[in-house]
Amino acid sequence: MHKTLLALGICLLPLSTMAQERPQTILVLDGSGSMWGQIDGAAKITIAQEVIGSLLADLPADQDIGLTVYGHRVKGDCEDIQTLVLPGGDTRAAISAAVNGIQPKGKTPLSAAVIQAAEALRFIEEKATVILVSDGRETCEMDPCAVGRQLEQSGVDFTAHVIGFDVTDPADQAELQCLADETGGTFRTAANASELAEAMFVIVEPEPDPIPVEVTFRATNGPDGETITDDLIWTVRNSDQPVVTNRSAASFGISMTSGSFMAEVLRPQDEATAEGAFTVGDQAMEVVISLPDLLAQATLDAPDEAPAGSTLLVSWTGPDEGQDNIQVGQPGNGAYSYYAYVDSGNPVEIILPAVPGIYELRYKHRDSTVIATRPITVTPSDLSLEFPAQVPAGGSFDVTWTGPDQNGDNIQIGPVGENGYSYYAYTKGQNPLSLIAPAQPGPYEVRYKFRDREVILIQPIEVTATPLALDFPRQVKAGENFEVTWTGPDQNGDNIQIGPVGESSYTNYAYTKRGNPVTLKAPDQAGSFEVRYKFRDKEIVLAHPITVTD
């Protein structure tokens, strides 16, 4: 036993043959004047006589074959067509004698000759075959293509095989081939005696019908795995023609004739599929298809819909192995928006996406293979932000909100159309919550940011100018303490400082929360300096010059 394993495994046994039923046939032979043309020093008619003689000697006595000849009696006559031998009985000697007596003379009315042969075979009543041997194109103003089409349409089962003997012109070959094509026949060319003999033998002696051979089918779990014993769903087809359709069996065998086929198998437990191409010859064979390893089984149970950003309880059954997890993501997309390991409990808590739409829950085995899914509709959730339309620069204001309130959810204020923010506060335990406006006036936006990942609601806010002032002596001695009376937001981290002009460093500072005025100490070195109001210890919002003397 020989077995080859690729996608399929094959084992081979011997085969016998059976002859095909032969229809009645008439050989139409070209007897026109051009058959006196020479090939390798011999006339084409002489070559044809010898080839046909040898062929007849090898034919069985019961071969129903006749003979029609054209162009063999009169020059220039398109009606010079004669059926010399009708099929029936042993006609081999009669055909041989008739062929040997041909003396080529006339034209090439090949189309009319084929029509006469078809009528002699009663082609409109019985299956009929004509074999035309011609060394040139039609010369009697008939269209071989149209004739072939008409005979095909009118006949019960008419076929014209054509041999172009020493026909080299492409247009002439095309004309002869069209006659064969229109009737479902074959077209062959022959340039010499041996090729003519081969062409005639192939056409006169049809291929034997193949004897069906036994083909068995089975599947394995993985390459070189164990044979699957549970029922599978099998489909076998040849091109688009089904041989076996949705057959339920673990393995089976059928008789098949030669050809190329495709086998497909489906495992109902996990809907895994596999397929493989195979070719049936003259020996029995085994087709083995490798299915993927059987996946572990799992189920998911959860509501059909839930609000965006909410926490969903998902009950599950499954292998419960290391790194098994439940995910939520878009169908057909391997990405997920949230996951939870199954060892965290049953049910597990899953945070749904913030954007409404159709999603799926997944059981991912060992964080590698999805073995169960369940659709879920994420519906719009209640989202709102309420706050004053205008707030003073650097001032505090309250925001009342409605939203998912998941860990990481926050409300922030920042520049319009940008990702950055100037201040934020987490929603957990705060409703309303307090934000601090930027120190610079202008248009801004307040945002709800879901899980500190994506902004899901934006509303505009106007930050108005707020009074800012610093009052202090414009000249002090080095190392001297002096007072600064200030006006400003007075937020945590706000401070008054003294430092070099145009630089970020300072020599002394005091937080505004300590009082008003605050006391600063002048630098120990004389020079030009500045007194600044620094907002939340992040940005200087006001600066005035001061001179330090010796």
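Residues numbered from 1 in each chain as written. Predicted model: local features only at pLDDT ≥ 70, side-chain atom pairs only at ≥ 80, totals over all residues. Heavy atoms only, no water.

A. Layout of the nonpolar core. Among the nonpolar cores identified, the biggest contains 31 residues, and Leu29, Leu67, Val133, Ile163, Phe165, Leu196 and Met200 are the most heavily contacted of them. If you list the elements that add at least two residues to this core, you get strand 4 (24–30), helix 1 (44–58), strand 7 (65–70), helix 2 (92–100), strand 9 (127–134), strand 10 (157–165) and helix 6 (193–204). At seven residues, helix 1 tops the list of elements feeding residues into this core. Those residues in contact with Val133 that sit more than four places away from it in its chain are Leu27, Val28, Leu29, Asp30, Tyr70, Ile163, Phe165, Leu196 and Met200. Of all hydrophobic cores here, the second largest spans 24 residues; its members include Ile81, Ala160, Leu179 and Phe187. (Core = buried A, V, L, I, M, F, W, Y, C linked by side-chain atoms within 4.5 Å. Buried < 20%, exposed > 50% of the residue type's maximum accessible area, 1.4 Å probe, protein only. Helix = DSSP H or I, 4+ residues; strand = E, 2+ residues; numbered from the N terminus. Contact = heavy atoms within 4.5 Å.)

B. Molecular detail of the pairing of strand 19 (residues 285–291). Most of strand 19 is tucked away: six of the seven residues are buried. Looking at chain direction, strand 13 (residues 213–221) and strand 19 are connected through seven bridges and run parallel. Across the sheet, residue Thr216 finds its bridge partner in strand 19, namely Glu286. (Pairing = 2+ DSSP bridges.)

C. Spatial organisation of helix 2. Taken together, the buried positions of helix 2 are occupied by Ile95, Ala98 and Val99. Each buried residue of helix 2 lies within a common arc of 95° when the element is viewed along its axis, so the set occupies one face. Relative to its buried face, helix 2 has exposed residues pointing more than 90 degrees away, namely Ala93 and Ala97. Of the surrounding elements, those touching the buried residues of helix 2 are strand 4, helix 1, strand 7 and strand 8 (81–85). (Arc of directions from axis to C-beta.)

D. Fine view of the pairing of strand 43 (residues 539–549). Two elements, strand 37 (residues 475–477) and strand 43, share three bridges in a ladder whose sense is parallel. Residue pairing for strand 43: Gln475 is matched across the bridge by Thr547. Across nine bridges, the pairing between strand 42 (residues 527–535) and strand 43 is antiparallel. Within strand 43, the position partnered with Glu530 by the bridge is Pro545. Hairpin geometry of strand 42 and strand 43 is characterised by an intervening segment of three residues between the two adjacent antiparallel strands and by a positive phi of about 50° at Arg536.

E. Main features of the pattern of salt bridges. Taken as a whole and judged by the stated rule, the model has 18 salt bridges. Arg73 serves as the salt-bridge partner of Asp80, at 2.8 Å between the closest nitrogen and oxygen. Given a relative accessible area of 41%, Arg73 falls into the partly exposed group. Here Glu182 makes a salt bridge to Arg149, at a shortest N to O gap of 3.3 Å. With Glu182 in helix 5 (residues 170–182) and Arg149 in helix 4 (residues 144–154), the pair connects residues that are 33 residues apart, well separated along the chain. (Salt bridge = Lys/Arg side-chain N within 4 Å of Asp/Glu carboxyl O.)

F. Geometry of the sheet that holds strand 30 (residues 396–402). Taken together, the three strands give an open sheet; going across it, the order is 28-30-33, and neighbouring strands pair in antiparallel fashion. Edge positions in the sheet fall to strand 28 (384–386) and strand 33 (433–436), since each has one partner strand and no second. Strand-to-strand, the axes of this sheet are offset by a mean angle of 35°, without reference to chain direction. As paired elements, strand 28 and strand 30 share three bridges and run antiparallel to each other. Pairing of Leu385 across the sheet is with Trp401, part of strand 30. (Axes fitted to C-alpha atoms, helices over the stretch in contact; angles between N-to-C directions.)

G. Expanded view of the state of the cysteines. The tally for this structure, following the rule as stated, stands at two disulfides. Bridging Cys78 to Cys140, the disulfide has an S-S length of 2.1 Å. The chirality of the disulfide connecting Cys78 with Cys140 is left-handed, given an S-S dihedral of about -90°. Residue Cys78 is located in the loop between strand 7 and strand 8, and its partner Cys140 is located in the loop between strand 9 and helix 4; the two are separated by 62 residues in the primary sequence. Through a disulfide, Cys145 is tied to Cys178; the S-S separation comes to 1.8 Å. One quick way to see it: the torsion about the S-S bond of Cys145 and Cys178 is about 140°, and its sign makes the bridge right-handed. Separated by 33 residues along the polypeptide, Cys145 in helix 4 and Cys178 in helix 5 bring together distant segments of the chain. The class for Cys178 is buried, based on a relative accessible area of 17%. For the protein chain, the bonded cysteines connect in the pattern 1-2, 3-4 when numbered consecutively along the sequence. (Disulfide = S-S within 2.5 Å.)

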